[in-house]
Amino acid sequence: MLARFVAPLALTFAASAALAQGPVPNTSPVRGRAEIRLTYLGNAGWEISDGKTNVLVDPFVTQFRSNREAKPGQVEPPPRPSLEEIVTPDAEGINAKIHRADYILVTHGHPDHALDAPYIARRTGAVIIGRETTANIARAYDVPESQLITVRGGEDYDFGAFSLRVIPSIHTALEHKHYFNGSMAGDAPRGLRAPLKFGNFVEGGSVAYLLRLAGHQVLIMGSMNYIEREMEGLRPDIALVGANAQRREIYEYAGRLMRALGYPPLVMPTHWDAYGWAPAQAQARAEAQRFADEVKAASPNTRVIIPKHFEPISVP
Ligand SMILES: [Zn+2]
């Protein structure tokens, strides 16, 4: 597997800081900082590891199953399941890609964020962290209570090897801002039993996370929206920012965020990949590049890396 190494950011920016126009990112060296590896799993999914602790975010490897099931020459993606359709995680695909997990952070309960987590938790013993809807979805698959930590946003929890600030957030403004007129925004009740239907995977509120691991601070978003005042003052050195075209519903999406975060040195788009549907990848990547341009316009010294699926990116 190819590892792409990020150029020593601190050095690069220290050298160019005096000449730089516009905001200078916060690049002061952090004592005790060690390399972490971030691997894009598709959709809003990530594996973040310092070699000791493996944290997954919104794993949704199941999205790639549609490529296997496509008819020869099929260009159009398969239609979204109806609310009544039973959806199942792709065990075969997950087993091929996910080998270890200690924690699984879930940003919200939609199927492209929460479908795979219960299966992975049961297989690996990982602890799922998410809002109550995520916990209730996991309970439907018999994930034990000892592997469920429910959060609401506002927590700042110490786990020893890392710490995790849970950031209140809001969901992408789907349906051209009529998102709450639809049926995917409520809470999932207790008492659900697998197999679950597509319509059981409701949002249940959204959170973002600030993961502090190995001297790094990684901002993790799962959607194309945020509450600006909740981002104010955070100083991640790596920001995973929701980037698909739905961001255009939001006023000054990249600019307000970069400013609130103090112009982070490294941004990687997430939730940009057209649900893994192979024929649409070039177009999705072009949209992610437009997002990268918006970030660069707002924060010229920020480096943007558009991740490739399952290729670890090492950050020293
Ligand atoms: Zn969603």
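Structure shown above.
Calculation notes
- Residues numbered from 1 in each chain as written.
- Predicted model: local features only at pLDDT ≥ 70, side-chain atom pairs only at ≥ 80, totals over all residues.
- Heavy atoms only, no water.
- Helix = DSSP H or I, 4+ residues; strand = E, 2+ residues; numbered from the N terminus.
- Rg over C-alpha atoms; globule rule 2.2 N^0.38 Å.
- Buried < 20%, exposed > 50% of the residue type's maximum accessible area, 1.4 Å probe, protein only.
- Contact = heavy atoms within 4.5 Å.
- Lys, Arg positive; Asp, Glu negative; His and termini not counted.
- Charge placed at Lys NZ, Arg CZ, Asp CG, Glu CD.
- Donors = N, O, S within 2.8 Å, 3.2 Å for Na, K, Ca; no water.
- Phe/Tyr/Trp six-rings, centres within 6.5 Å; stacked < 30°, edge-to-face > 60°.
- Pairing = 2+ DSSP bridges.

> Is there a simple way to explain the overall build of the protein in this structure?
Broken down by element type, the protein carries nine helices and 15 strands. Its C-alpha radius of gyration of 19 Å places the protein within 12% of the 20 Å reference for a compact globule of 316 residues. Its C-alpha atoms put the protein at 60 × 45 × 40 Å along the principal axes. Here the protein holds 316 residues, and the buried ones make up 54% of them. For the protein, the proportion of contacts with a sequence separation of at least 24, taken over those separated by at least 6, is 70%. Positive and negative charge centroids in the protein, built from 33 and 33 side chains respectively, lie 3 Å apart.

> What is the right way to look at the coordination of the zinc ion in this model?
Octahedral metal centres with six donors ideally show angles of 90 or 180 degrees, and tetrahedral centres with four donors ideally show 109.5 degrees. In the first shell of the zinc ion, the protein supplies His-108 (NE2), His-110 (ND1) and His-171 (NE2), at 2.1 Å from the metal. Each donor residue of the zinc ion lies on one chain, and together they are spaced H-x1-H-x60-H. Here His-171 lies in the loop between strand E9 (162–169) and strand E10 (206–213) and His-110 lies in the loop between strand E5 (103–105) and helix H4 (111–114), a separation of 61 residues in the sequence. Across this residue pair, the class does not change: His-110 and His-171 are buried.

> What exactly am I supposed to notice about the packing of aromatic side chains here?
By convention here, two paired aromatic rings are described through the distance between centres and the angle between planes. Enumeration according to the criterion identifies nine aromatic pairs in this entry. Between the aromatic rings of Tyr-40 and Trp-46, the centroid separation amounts to 5.2 Å while the plane-to-plane angle is 50 degrees, which identifies the pairing as tilted. Using a relative accessible area of 0% as the deciding quantity, one classes Tyr-40 as buried. You can call Trp-46 buried: its relative accessible area is 0%.

> Can you help me understand the pairing of strand E4 (residues 54–57) in this one?
Two faces make up the sheet, and in a regular strand the side chains alternate between them. Side chains Asn-54 and Leu-56 of E4 all project onto a buried face; the interleaved residues Val-55 and Val-57 project onto the opposite face, where all are buried too. With four bridges connecting them, strand E3 (residues 45–49) and E4 associate as antiparallel partners. When the sheet's bridge partners are listed, Ile-48 is paired in E4 with Val-55. Hairpin geometry of E3 and E4 is characterised by an intervening segment of four residues between the two adjacent antiparallel strands and by a positive phi of about 90 degrees at Gly-51.

> Whenever I open this one, the sheet that holds E10 confuses me. Can you help?
Within a sheet, each strand pairs with its neighbour through backbone hydrogen bonds, oriented either parallel or antiparallel. With respect to topology, seven strands assemble into an open sheet ordered E8-E9-E10-E11-E12-E13-E14, the strand pairing being mixed. The open sheet has two edge strands, strand E8 (156–158) and strand E14 (303–304), and neither has a second partner.

> Would you mind showing me how to read the side chain of Thr-107 here?
In this structure, Thr-107 sits in the loop between E5 and H4. Those residues in contact with Thr-107 that sit more than four places away from it in its chain are Asp-58, His-113, Gly-205, Ser-206, Val-207, Tyr-209, Met-221 and Gly-222.

> Sorry if this is basic, but what is going on with the environment of Pro-81 here?
Examined against the element boundaries, Pro-81 turns out to sit in the loop between helix H2 (65–69) and helix H3 (91–97). Residue classification places Pro-81 among the partly exposed residues on the basis of a relative accessible area of 23%. Taking C-alpha positions, Pro-81 is 20 Å from Ile-94, a pair spaced 13 residues apart along the chain. Not counting residues up to four positions away in its chain, the partners in contact with Pro-81 are Val-87 and Phe-198.

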